[in-house]
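Commentary on secondary and tertiary structure
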Amino acid sequence: MATQSHDVEALIKKRYEHGFHTDIETDTVPPGLDEDVICLISNKKHEPDWLLQWRLEAFRAWQKMKTPTWQHIKHAPIDYQAISYYSAPKSKDDAPQSLDEVDPKLLETYEKLGIPLHEQKMLAGVAVDAVFDSVSVATTFKEKLHEAGVIFCSFSEAVQNHPDLVKQYLGSVVPQGDNFFAALNSAVFTDGSFVYIPKGVKCPMELSTYFRINAMNTGQFERTLIVADEGSQVSYLEGCTAPQRDENQLHAAVVELVALDDANIKYSTVQNWYPGDENGVGGIYNFVTKRGDARGNNSRISWTQVETGSAITWKYPSCILRGDNSVGEFYSVAVTSNWQQADTGTKMIHLGKNTKSTIVSKGISAMHGDQAYRGLVRIAPTATNARNYTQCDSLLMGDQCGAHTFPYMEVRNNSAKVEHEATTSKIGEDQLFYCRSRGITEEDAVNMIVNGFCKDVFKELPMEFAVEAQKLLGVTLEGAVG
Amino acid sequence: MLSIKNLHAQVDDTDILKGVDLEIKPGEIHAIMGPNGSGKSTLANVLAGRDDYTVTAGEILFEGQNLADMAPEERACAGLFLAFQYPVEIPGVNNIYLLKAALNAIRKSRGEDALDAVEFMKLVRERMKLVKLNEDLLNRSVNEGFSGGEKKRNEIFQMAVLEPKLAILDETDSGLDIDALKIVAEGVNAMRSPERSMILVTHYQRLLDYIKPDHVHVLADGKIIKSGDEQLAKELEERGYEWVKQEAAAA
Amino acid sequence: MNAVVNNPVEHFQSEYARLIGELDNDPLRDERKAALERFAATGLPTKKVEAWKYTDVQPIAKRHFNTTQAAPPIDVGQVDAVRFGDLDCHELVFVNGRFNAQLSRLGDTASGISIRSLAAALADSDSGIGARLGHCLGENTHAFTELNTAFLQDGAVIEVARGVQVDKPIVLLYLDTATDTPTACHPRTFVSLGENAAATLVESFAGLDDSSENLTNQVTEIDLADNARLDHYKIVQGGGKNFHIGSINARQARDSRLESHSLALGGNLTRTDINTRLEAEGATVILNGLYMVDGKQHVDHHTRVDHLVPHTNSVETYRGVLNGNSRAVFNGKVYVHRDAQKTDAQQSNANLLLSKTAEVDTKPELEIYADDVKCSHGATVGQLDEDALFYLRSRAIDESTAGSLLTYAFASEVVAQIKLAPIRERLEHIVLDKLPQTEQIGEFV
């Protein structure tokens, strides 16, 4: 008999490819958090007073809040005074005026990450806003977007150039005091991306933000706000990496999406923050609040996420389906291996009539990985004819991992149809053997099965991200045959 | 082509095969029959290299290579094919994609170029006719939602595309109605050639009405206790297995 | 009368002091005291406690239940009305939690079978029951279970020796009747089946008066030895204003099998927790449940199956029909512990919402720490199938009857699992009585 090491772990033990560190001069404030630090951040960014006051309100709310404990995650307490709340690459001027002024080391960093910022080298049809530690370092294709009337810029720029829009929408989906991490973010956020798609405009290209945590002992607190005005459409991509460090780093972002009547927002994430090593040392603590408000009638918000990184993921991209006939979607693949922990899922809050939501969650746990799907589907009394379908599957590899499912369904309207299905199973030895007996190597067989398992989610990703996502899982793209 | 000598095998620490000897020459069809629990399926799975099946003694030579040293995929590349008794469902994995990947893996091991999509589809369409496989099954997930008969036909279709040197058909006839059985048998007969050998593992003689074996063996309690030609199968059908067992016990 | 106290913890503490004063030679003295202290530490659960997120016990907290008030006499006719027809059984009747020998029909029991009231067992110093109570309560008990331990005075003790099959079903009929001021009772059922023993136990809670605002806070313990089998039925019905909080706590040894049916068909607020621990290979639990609520009724089922070792199985099927302003909560948790490989757990919860103002909150949970498992769950909330309704109507059945018929069909998937014919038939009637146009349906079913 052949010696058969069904060592699926080997497949999962992928090396973290983005673990390098960029040696660059930074302007970093000392660790610690109080109102002075918030004033300093606001001041450095030349913010109007209303925004400073908004931050301070959030800070005061945060001080009264406790770290949530309901999630299925264990970690040592986070010392919020040991974190530096502002770090920016030092440059001669306040902000680079064009790519030529961007520090070549930064450009090199993004090249290494496969995110070239030089427009001529760009993937056609994708505009990128690169956020390095706390600040946006470059936004590409600005001119072309400007022609279409699309605003795509760093959050700091938006505060300066489009204060009315920021003021109108900031915090309108995720209020300052929404939860512990959102409150912290609202107090100290340093940058992020801002997108506004005017009425009736179909954004001419994919928009993308690439987040990179580089500096030590810094937290990254970016804020993304996307507003799709009536009848507009946008597809937005987000990618994340961080250097390999032994310390845990905190990432607490907030993403707010607003879709007005007939607007359509598609938000895709490939999260590949440093997950820590095989002993559970280091890695990003990712506590993120993402929420979309399908405010207008016939609006649509779609979240797709592939979560392979972070030591801890705490994240529930959600949709408030306020407008009649609005649609919310959540497609997720989450992989936890080594000692990674993830508590992730979504909320679909049905308020409008004929609202529809779809949730497809695929969790893969390997080695000591532990993950929970946590989802809420709420059908309010006003949501006549609401529909939800939830499919939630877990694949287990190795006897030390865990997979948990906590779906909440609250139905207060009798015309609603809500369906939830979940399965948990081992990666099938039968399936592996079947593939191998047809001449396919074990690794390829695992790839095929995992890829098949995740297919419903991958097909929702824009092409460029689908490729990256599949690479991340170590899977080969299924060829279109015939 | 295949030479099994004194093969002993265990499943979950239980001895199932207790000294099987079998010689198969190119072009021959051997039927292995026997009562339930005699070790027929174990033999098929041991040949294909299933994990939980441990060879404790004896050897299996396939074209001079020691099978026991080979992983299941290596065996497949070497020209071995098992048509499963219970083909597994693999959600999300496209049937035709699996087949293309399998074929190209086998071609690669033989030093042949991969078939492109056009050549591959040409082959597929030609071979589909052998088992009257419905085209929409091609683009479904592997075996998912297939009827019992469709699963078995899909196995034979895979065999027709992969063109193995030695095919082991594990209870391919079980659960088939007579029409489906005829289709499967026609497919198998079309694949007969002087270079290709087959092992038909079956509980019933009726498959052998449609696929004529060169040799028939009776496996009981982990050993081949009687061998003969197709006449033996007919005798088994009429008289059951008990007399063979008694004869073997007496000898 | 006691001084008026507003805080429920203080109220129960003062009731406790009164109760203790009346008990002599109490074998449970230390356990009661410890339980009351644990209760006092947490108080009654609030909606911030995850397990009580959807069930507000304020109506219970607000009332100052008397623990010792005697029940008024009731007559046999009232009991007959809630009995299960001609079911031949060993029957113990309890009125407001206290055993009533006159109304009971115990009958002869074969050797190896002991069925008696808990009060009798506690009074018998040789019974050793004091030391055994609490044996099946795991870590997942709640404040009401602590109250039960602190206040329990009566209930039933059923012990079946190894190899003995109890010939007839055992029925515990818990009757609730109105008292001058609301009273609370805290009965405890303790069931122990020896190796290869088998029994059927029916615990039926019936409210005799719609005016009763009493609280029944009941706890059942089930201890199953190797290969023991228990079919357990819990039926809650009647009483428009009373409260029922109950828990079933089981420990299962090798190859044992517990089949639990929980039917919640009445009461103001009904909460049942079912916790079972599958402690050895081959242990199997089947959980069936049906809740049918109307008006302002609130029903809550929390089930938890702990798969502790390899090769254990659970199958759970709960269905609910909601009408009026009613609310139903289902929380089913399957917990597969590390190393409990080859666990096979299936769970499903389906709900039918028949009115605009009914609400259902369902949460099927899987918590899994082993990899070689087969677990699945599903939950649905919906209405009657429109195609089926249309089909029936196109066959000349009026809309109301068609609706009742389909609702009945939905509920009967659970009722049909009941093996005891007299109980099944009675429940069929109870279900039918809750639907309009039942005369016509009778012809179909």
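Sequence order sets the numbering: in each chain, residues are counted from 1 along the sequence as written. Each chain gets a letter, beginning with A, and each ligand a number, beginning with 1, in the order they are written. For this predicted model, a pLDDT threshold of at least 70 governs which residues receive local features, and a threshold of 80 or more governs which side-chain atom pairs are given and counted, while totals over whole chains, interfaces and linings are taken from all residues. Hydrogens and water are ignored here; the side-chain numbers use all heavy atoms of the structure.

1. Describing the overall build of chain B
- Think of it this way: any DSSP run of H or I at least four residues long counts as a helix, any run of E at least two long counts as a strand, and we number them from the N terminus. Looking only at helices and strands, chain B has nine helices and twelve strands in total.
- A compact globule built from 251 residues would reach a C-alpha radius of gyration of about 18 Å, and chain B, at 18 Å, matches this within 12%.
- Taking the principal axes of the C-alpha coordinates as reference, chain B spans close to 60 × 40 × 35 Å.
- The rule is simple: take the accessible area with a 1.4 Å probe, protein chains only, and divide by the maximum for that residue type; under 20% is buried, over 50% is exposed, in between is partly exposed. In chain B, which comprises 251 residues, the share counted as buried stands at 56%.
- For this analysis, residues touch if any pair of their heavy atoms sits within 4.5 Å. Here the analysis covers contacts within chain B between residues at least 6 apart in sequence; of these, 69% occur between residues at least 24 apart. Here the globule rule reads 2.2 Å times residues to the power 0.38, and the radius of gyration is calculated from C-alpha atoms.

2. Considering unusual backbone geometry
Residues and elements named next belong to chain A.
- Even without being a glycine, N298 presents a positive backbone phi close to 60 degrees.
- You can see N298 is positioned in the loop between β13 (283–294) and β14 (300–307).
- Positive phi, close to 60 degrees, is recorded for N385, a residue that is not glycine.

3. Here we look at the sheet that holds strand β1 (residues 2–11) of chain B
Residue and element names in this part refer to chain B.
- Here four strands make up an open sheet; going across it, the order is β2-β1-β4-β5 and the pairing antiparallel. The open sheet terminates on both sides in strands that have one partner only, identified here as β2 (14–24) and β5 (65–66).
- Pairing between two strands requires that DSSP report at least two bridges joining them. Across eight bridges, β1 lies against strand β4 (residues 53–62) in antiparallel orientation. Residue V11 lies in a different strand from β4, and its bridge partner there is Y53.
- Every axis in this analysis is a line fitted to C-alpha atoms, fitted for helices over the stretch in contact. Angles between the N-to-C directions lie between 0 and 180 degrees. On the sheet, helix α1 (residues 40–48) packs against β1, β2 and β4 and is oriented at approximately 110 degrees with respect to β1.

4. Concerning the packing of aromatic side chains
Residues and elements named next belong to chain A.
- Centre distance within 6.5 Å is the pairing criterion for rings of Phe, Tyr and Trp, where only the six-membered ring of Trp is used; planes under 30 degrees apart are then read as stacked, over 60 as edge-to-face, and the remainder as tilted. Per the counting criterion, the structure on display carries 30 aromatic pairs over all chains.
- With 6.5 Å between their ring centres and 90 degrees between their planes, F152 and Y236 make a pair best called edge-to-face. Of the two residues, F152 sits in strand β5 (residues 151–154) while Y236 sits in strand β9 (residues 233–241), which places them 84 residues apart along the sequence.
- When its relative accessible area of 0% is taken as the criterion, Y236 is described as buried.

5. So, the side chain of Q10 of chain B
Residues and elements named next belong to chain B.
- Looking at where Q10 falls in the secondary structure, it is placed in strand β1.
- A polar contact is formed between the side chain of Q10 and the side chain of D15, at a distance of 3.0 Å.
- Q10 has contacts with D15, I16, D52, Y53, T54 and T56, leaving out every residue within four places of it along the chain. Two N or O atoms count as a polar contact when they lie within 3.5 Å, although within protein this holds only if one can serve as hydrogen donor and the other as acceptor, and sequence-adjacent residues are included solely when both atoms are side-chain atoms.

6. What about the interface of chain B and chain A?
- Of the residues lining the interface, 44 residues belong to chain B; the matching set on chain A comes to 28 residues.
- Carbon and sulfur atoms make up 64% of the surface buried where chain B meets chain A, a total of about 2800 Å² over both sides.
- Once two parts are put together, the accessible area they lose, assessed with a 1.4 Å probe and summed over both, is termed the buried area. When residues of chain B are sorted by the area they lose upon contact with chain A, D51, E73 and Y97 of chain B head the list and together hold 22% of the total.
- Only one rule defines a salt bridge in this text: a Lys or Arg side-chain nitrogen within 4 Å of an Asp or Glu carboxyl oxygen. At the junction of chain B with chain A, the criterion picks out three salt bridges.
- Residue E155 of chain B is joined to R438 of chain A by a salt bridge in which the shortest nitrogen-to-oxygen separation is 2.8 Å.
- For the pair chain B and chain A, the interface holds nine residue pairs in polar contact (both at pLDDT 80 or more).
- Elements with a contribution of two residues or more to the side of chain B that touches chain A: α1, β4, α2 (72–78), β6 (80–83), β7 (90–94), α3 (95–109), α4 (117–130) and α5 (148–162) of chain B.
- Considering each element in turn, the side of chain B that touches chain A owes the most residues, eight residues, to α3 of chain B.
- Basically, the charged four are Asp, Glu, Lys and Arg, the nonpolar ten are Ala, Val, Leu, Ile, Met, Phe, Trp, Tyr, Cys and Pro, and anything else, Gly included, counts as polar. Here the residues of the side of chain B that touches chain A sort into 30 nonpolar, six polar and eight charged.

7. Here's the deal with the interface of chain A and chain C
- Contacts between chain A and chain C engage 33 residues on the former and 37 residues on the latter.
- Interface of chain A and chain C: buried area, both sides summed, is about 2700 Å²; carbon and sulfur atoms make up 45% of it.
- Among the residues chain A hides against chain C, the three largest losses belong to Y408, M409 and N414 of chain A. Together they make up 22% of the total.
- Summed over the shared surface of chain A and chain C, the result is two salt bridges.
- With a closest N to O distance of 3.9 Å, K426 of chain A and D372 of chain C form a salt bridge.
- Looking at the side of chain A that touches chain C, the elements with two or more residues in it are β21 (387–397), β22 (402–411) and β23 (417–426) of chain A.
- Of the residues that constitute the side of chain A that touches chain C, the class distribution is twelve nonpolar, 13 polar and eight charged.

8. A look at the environment of F94 of chain C
All names here are of chain C.
- Along the polypeptide, F94 turns up in strand β1 (residues 90–95).
- Its relative accessible area of 0% is what places F94 among the buried residues.
- The spatial distance from the C-alpha of F94 to the C-alpha of F205 is 9.5 Å, given a sequence separation of 111 residues.

9. Quick notes on the sheet that holds strand β9 (residues 166–170) of chain B
Residue and element names in this part refer to chain B.
- Ordered in space as β6-β9-β10-β3-β11-β12, the six strands form an open sheet in which the pairing is mixed. Looking along the sheet, the strands with just one partner apiece sit at the ends: β6 and β12 (223–228). Sheet twist, expressed as the mean angle between neighbouring strand axes with direction ignored, is 20 degrees.
- Sheet topology places β6 next to β9; four bridges connect them, and they run parallel. Each bridged residue has a counterpart across the sheet, and for L82 the counterpart in β9 is I168.
- Across the face of the sheet, helix α8 (residues 230–239) comes into contact with β3 (29–33), β11 (215–220) and β12 while running at roughly 45 degrees to β11.

10. Describing the domain arrangement of chain C
Residues and elements named next belong to chain C.
- What the domain assignment reports for chain C is domain 1 (8–280) and domain 2 (386–445).
- Reported domain spans reflect what an automatic or database domain assignment gives. Measuring from the centre of the C-alpha atoms in domain 1 to the corresponding centre in domain 2 gives 32 Å.
- Each partner contributes to the interface: domain 1 provides 17 residues, whereas domain 2 provides ten residues.
- Taken together, both faces of the contact between domain 1 and domain 2 bury some 1200 Å²; the carbon and sulfur share is 70%.
- Three residues, F84, Y233 and L265, lead the burial of domain 1 against domain 2; their summed loss comes to 38% of the area buried on that side.
- There are two salt bridges connecting domain 1 and domain 2.
- When the shortest N-O distance is used, the salt bridge between E259 and K419 registers 3.2 Å.
- The interface formed by domain 1 and domain 2 holds five residue pairs in polar contact (both at pLDDT 80 or more) in total.
- Elements with a minimum of two residues in the side of domain 1 that touches domain 2: α4 (76–82), β8 (198–207), β10 (229–237) and β12 (257–264).

11. Quick word on the UniProt feature "domain: SUF system FeS cluster assembly SufBD N-terminal" (unreviewed entry) in chain C
- UniProt marks residues 15–170 of chain C with the feature "domain: SUF system FeS cluster assembly SufBD N-terminal" (unreviewed entry), using the numbering shown here.
- End C-alpha atoms of residues 15–170 of chain C are separated by 32 Å, and the span's content is 34% helix alongside 13% strand. UniProt positions are given in the numbering used here, feature names are shortened, and annotations may be inferred rather than shown by experiment.

12. A closer look at the nonpolar core
- Nine residue types can take part in a nonpolar core, namely buried Ala, Val, Leu, Ile, Met, Phe, Trp, Tyr and Cys, and a core is a set of them joined through side-chain atoms within 4.5 Å. Among the nonpolar cores identified, the biggest contains 113 residues, and L2, I4, L47, F120, F157, M159 and I199 of chain B are the most heavily contacted of them.
- One finds L257, M409 and A422 of chain A together with V285 of chain C within the second-largest nonpolar core, a separate group that totals 84 residues.

13. Some remarks on the environment of L278 of chain C
All names here are of chain C.
- Mapped onto the secondary structure, L278 falls in strand β13 (residues 269–278).
- Sequence-wise, L278 and V57 are 221 residues apart; in three dimensions their C-alpha atoms are separated by 30 Å.
- Look past the residues within four positions of L278 in its chain and what remains in contact with it is Q252, A283, T284, V285, V305, D306, H307, L308, V309, T312 and N313.

14. A few points about the packing of helix α2 (residues 29–42) of chain C against helix α7 (residues 143–151) of chain C
Residue and element names in this part refer to chain C.
- Between α2 and α7, whose axes approach to 8 Å, the crossing angle comes to 150 degrees. Overall, the two elements α2 and α7 adopt an arrangement that is roughly antiparallel. Where α2 crosses over α7, the two elements pack in a sense that is left-handed. Contacts between α2 and α7 involve E31, R32, A35, L36, R38, F39 and T42 on the former and, on the latter, A143, E146, L147, T149, A150 and F151.
- Grouping the amino acids of the contact of α2 with α7 by side-chain chemistry returns seven nonpolar, two polar and four charged. Put simply, angles under 35 degrees are roughly parallel, angles over 145 are roughly antiparallel, angles from 65 to 115 are roughly perpendicular, and the rest are oblique. Handedness of each helix crossing follows the sense of rotation of the near helix against the far helix: counterclockwise by less than a right angle gives left-handed, clockwise gives right-handed.

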